[in-house]
Amino acid sequence: MDLLDKVVVITGGSGGIGKAMAQAFLREGAKAIVLADLNAEAVESTATELGCDGMACDVTREEQIQALVDATIAKHGRIDLFCSNAGAGGQGLLTDAPNEIWQIQWDLHVMSHLYAARAVLPGMIEQGGGYLLNTASAAGLLAALA
């Protein structure tokens, strides 16, 4: 994908893969990058460091993803690439995790991608294009880390 003059949103953007994507996309000429993260202080710090916009967002809450999309479109007019990158490691072995942990992981690693698609696809269809990029971990292929 040609990133020149594109508007990009990256969840999980305060560090790691999200920050690295932002740095790469800036080098490729992205017009604007909006970083989103659960940790408001971290995302604002990273956004300031990179010259991006930053916004606190809990991607497990559909209304917060919609607010992120709405704010980005209000400021930049469109979203060309939405990177669903937010994630977190599991806690213990699969058999040890209580249902509450499973639900948190499900909401973060599955439902957040659906929420993003619901929020961003209508605008992408209207503008005639756009991309969804979902980060997935190889750990998701393993039954348990020992």
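Up top you'll find the structure we're talking about.
Residues numbered from 1 in each chain as written. Predicted model: local features only at pLDDT ≥ 70, side-chain atom pairs only at ≥ 80, totals over all residues. Heavy atoms only, no water.

Topic: the nonpolar core
Link 1 in the chain: In terms of nonpolar packing, the biggest core is built from 18 residues, with Ile65, Leu68, Val69, Ile79 and Phe82 touching the most fellow members.
Link 2 in the chain: Here this core gets seven residues from one element, more than from any other, and that element is helix H4 (residues 99–127).
Link 3 in the chain: Setting aside its immediate chain neighbours within four residues, phenylalanine 82 contacts Val9, Thr11, Ile65, Leu68, Val69, Ala116, Val120, Met124, Tyr131, Leu132 and Leu133.
Link 4 in the chain: The next biggest cluster of nonpolar side chains, apart from the first, holds 15 residues, and it includes Leu3, Met21, Leu35 and Cys83. (Core = buried A, V, L, I, M, F, W, Y, C linked by side-chain atoms within 4.5 Å. Buried < 20%, exposed > 50% of the residue type's maximum accessible area, 1.4 Å probe, protein only. Helix = DSSP H or I, 4+ residues; strand = E, 2+ residues; numbered from the N terminus. Contact = heavy atoms within 4.5 Å.)

Things to note about the pattern of salt bridges
Link 1 in the chain: Taken as a whole, this structure holds five salt bridges when the rule is applied.
Link 2 in the chain: Salt-bridge contacts for arginine 61 lead to glutamate 63; the nearest nitrogen and oxygen are separated by 2.5 Å.
Link 3 in the chain: With a relative accessible area of 41%, arginine 61 lands in the partly exposed category. (Salt bridge = Lys/Arg side-chain N within 4 Å of Asp/Glu carboxyl O.)

Here we look at the environment of alanine 24
Link 1 in the chain: Topologically, alanine 24 is positioned in helix H1 (residues 16–27).
Link 2 in the chain: Separated by 100 residues in sequence, alanine 24 and methionine 124 place their C-alpha atoms 22 Å apart.

Here we look at unusual backbone geometry
Trans peptide bonds make up most of the peptide bonds, and negative phi angles are found at most residues other than glycine.
Link 1 in the chain: Backbone geometry at aspartate 5 places phi at a positive 65°, although glycine is not the residue there.
Link 2 in the chain: Structurally, aspartate 5 can be placed in the segment before strand E1 (7–11).
Link 3 in the chain: Residue classification places aspartate 5 among the partly exposed positions, given a relative accessible area of 46%.

Structural notes on H4
Link 1 in the chain: Taking 1.5 Å as the rise per residue, H4 with 29 residues should run 42 Å; its terminal C-alpha atoms sit 41 Å apart, in good agreement.
Link 2 in the chain: Helix geometry: H4 is bent most strongly at methionine 111, by close to 45°.
Link 3 in the chain: Of all the residues in H4, the buried ones are Ile101, Gln105, Leu108, Met111, Ser112, His113, Tyr115, Ala116, Ala117, Ala119, Val120 and Met124.
Link 4 in the chain: Among the structural elements, helix H3 (62–76), strand E4 (81–84) and strand E5 (131–134) are those in contact with the buried residues of H4.
Link 5 in the chain: Just past H4, the residue glycine 128 takes up positive phi, approximately 90°. (Expected span 1.5 Å × (residues − 1). Bend = angle between axes of the 7 residues up to and from the residue.)

A closer look at the side chain of asparagine 85
Link 1 in the chain: The topology assignment puts asparagine 85 in the loop between E4 and H4.
Link 2 in the chain: Within polar-contact distance, the side chain of asparagine 85 engages the side chain of threonine 135 at 3.0 Å.
Link 3 in the chain: When near neighbours in sequence (up to four residues on either side) are disregarded, asparagine 85 contacts Ile10, Thr11, Gly12, Ile17, Gly18, Met21 and Thr135. (Polar contact = N/O pair within 3.5 Å; in protein donor to acceptor, adjacent residues only side chain to side chain.)

Observations regarding the pairing of strand E3 (residues 53–56)
Link 1 in the chain: In this structure, strand E2 (residues 32–37) lies alongside E3, joined through four bridges in parallel fashion. Counterpart to valine 34 in the pairing with E3 is aspartate 53.
Link 2 in the chain: Considered for its hand, the β-α-β crossover made up of E2, helix H2 (residues 40–50) and E3 is right-handed. (Pairing = 2+ DSSP bridges. Right-handed = clockwise from strand over helix to strand, strands pointing away.)

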